[in-house]
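If you want the building blocks of each chain, they are given just below.
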Amino acid sequence: RPLLVRGEPGTGKSQLARAAAEQLGRLFVAEVVHSRSESQDLQYHFDAVGRLGEAQALGHVCRQEKEVREKLAPINFLSPGPLWWVFDWQKAEEQYKQCPHHYPRPEPPKDWQQEQGAVLLIDEIDKADADLPNGLLETLGNGSFPVPYLQEAVGMNNTTVPLVIITTNEERELPPAFVRRCLVLHLRLPKEEQEFCSFLMKRGEHHFGSGCSKEVMSKAAELLWADRAEARRQGETPPGQAEYLDMLRALSRLAPEDPQQQKNLLETVAEYALKKYADLDEE
């Protein structure tokens, strides 16, 4: 079953998939969903516009019907989608080399072999219509999918079943049938201020070590907590862990040590990193 990761923006949902791939030594493939994404886009891409452009160009330079037919063969404009790469890397690689108008190829780890498997990230699935998550589950359940212009379906061939991680920012309700068929992981930030600040500081120490002092990390967490309350009051999405780490990254690069880091935090960095909403006090 796929793993559905729920949580507010900036809690590390997408990075969880990348970390899992690195830890397991698997191929990492990612697809960011948008409002125009369709179920087919997860399987393959057909470049109809590129084929039309090629036909127009050939009409001016080529008079050999056989050559035109060969160059305009639909399979030459067919690129593997993310599911194709994680189901059958070898066939996807062959099709990738054949298609001159291909989409980017995932970069496998050093010495990676197909039987080691892959981690597939479907990011922000809540941006798509219900047809996409339902189609995704159908494909995963079948373990294969048909592709136009190929003699046989694409299926899992000599590979480990991929780990599929799906994220949602809860912008749109997901189909209940889809959620029921997923394992669900909730990433939540602590609700109490002291626990919240301690939670962030531990992650700050892990990422930046001595690059920022504990005083700076603590102050940044306090400012973030206060700004989350103001953002909620104004009906805006509150800043989270991502903004906290962004602040520490900026502070560690702008100045090597305190007290300059605290000065930068209070005078500039916090203002730009946290305040994403309108200032209601401005006239």
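Keep in mind it's a predicted model, so treat the numbers as computed, not measured.

Visitor: Help me understand the environment of Asp-246, please; the structure alone is not making it clear to me.
Guide: With respect to the helices and strands, the residue Asp-246 is situated in helix α10 (residues 241-254). With a relative accessible area of 42%, Asp-246 lands in the partly exposed category. As for Asp-246 and Phe-178, which are separated by 68 residues in sequence, their C-alpha atoms are 34 Å apart. Within the structure, Asp-246 has its side chain in polar contact with the side chain of Arg-249 (distance 3.0 Å).

Visitor: Got a minute to help me understand the pattern of salt bridges in this structure?
Guide: Two side chains that carry opposite charge are able to pair once their charged atoms sit near each other. Scanning the entire structure with this criterion turns up eleven salt bridges. Residues Arg-249 and Asp-246 are paired through a salt bridge, measuring 3.0 Å at the closest nitrogen-oxygen approach. Of this pair, Arg-249 and Asp-246 both sit in helix α10, three residues apart, which is roughly one turn of the helix. Among the charged side chains, a network of salt bridges with common partners joins Glu-93, Arg-105 and Glu-107.

Visitor: I tried to follow the sheet that holds strand β9 (residues 183-186) on my own but got confused; where do I start?
Guide: Two strands in a sheet stick together by hydrogen bonds in their backbones, pointing the same way (parallel) or opposite ways (antiparallel). Here we have five strands laid out as an open sheet, ordered β2-β5-β8-β1-β9, and parallel in their pairing. Here the strands that pair on one side only, and so sit at the sheet edges, are β2 (27-32) and β9. Each strand axis lies, on average, 20° off the axis of its neighbour in the sheet, ignoring direction. Note that β2 and strand β5 (residues 118-123) share six bridges and pair parallel. For Leu-27, the partnering residue across the bridge sits in β5 and is Ala-118. Packed onto the sheet, helix α1 (residues 13-24) meets β1 (3-6), β2, β5, β8 (163-168) and β9 and runs at close to 165° relative to β8.

Visitor: Mind showing me how you'd approach the nonpolar core here?
Guide: A general feature of soluble globular proteins is that nonpolar side chains tend to end up buried together. With 33 residues, the main nonpolar core has Leu-83, Trp-84, Ile-122, Ile-125, Leu-136, Ile-166 and Phe-178 as its most contacted residues. Elements with a minimum of two residues in this core: β2, α4 (82-87), α5 (89-98), β5, α6 (131-142) and β8. Looking at which element gives the most residues to this core, the answer is α4, with five residues. Dropping the residues within four chain positions of it, Phe-178 is found in contact with Leu-4, Ile-125, Pro-133, Asn-134, Leu-137 and Ile-166. In terms of nonpolar packing, the next biggest core, distinct from the first, is built from 23 residues, Tyr-244, Leu-245, Val-269 and Ala-273 among them.

Visitor: Looking at this structure, I do not really get the packing of aromatic side chains. What am I missing?
Guide: Aromatic ring pairs are reported here in terms of the distance separating the ring centres and the angle at which the planes meet. Scanning all chains against the criterion turns up six aromatic pairs. For the ring pair Phe-87 and Phe-145, a centre distance of 5.9 Å and an interplane angle of 40° mean the geometry is tilted. Pair noted here: Phe-87 is in helix α4 and Phe-145 is in strand β6 (residues 144-145), with a separation of 58 residues, a long-range link. Like Phe-87, the residue Phe-145 is buried in the burial classification. On the numbers, 5.3 Å between centres and 75° between planes, the contact of Trp-89 with Trp-112 is edge-to-face. Placement of Trp-89 in helix α5 and of Trp-112 in the loop between α5 and β5 is noted, with a sequence separation of 23 residues between them. In this structure Trp-89 comes out as buried when scored by relative accessible area, which is 10%. Each residue in the set Trp-85, Trp-89, Tyr-96 and Trp-112 is aromatic and connected to the rest through ring pairs, giving one cluster. Sitting over the face of the ring of Phe-199, Arg-203 holds its NZ or CZ atom 3.6 Å from the ring centroid.

Definitions and cut-offs
- Residues numbered from 1 in each chain as written.
- Predicted model: local features only at pLDDT ≥ 70, side-chain atom pairs only at ≥ 80, totals over all residues.
- Heavy atoms only, no water.
- Helix = DSSP H or I, 4+ residues; strand = E, 2+ residues; numbered from the N terminus.
- Buried < 20%, exposed > 50% of the residue type's maximum accessible area, 1.4 Å probe, protein only.
- Polar contact = N/O pair within 3.5 Å; in protein donor to acceptor, adjacent residues only side chain to side chain.
- Salt bridge = Lys/Arg side-chain N within 4 Å of Asp/Glu carboxyl O.
- Pairing = 2+ DSSP bridges.
- Axes fitted to C-alpha atoms, helices over the stretch in contact; angles between N-to-C directions.
- Contact = heavy atoms within 4.5 Å.
- Core = buried A, V, L, I, M, F, W, Y, C linked by side-chain atoms within 4.5 Å.
- Phe/Tyr/Trp six-rings, centres within 6.5 Å; stacked < 30°, edge-to-face > 60°.
- Lys NZ or Arg CZ within 6 Å of the ring centre and 35° of its normal.

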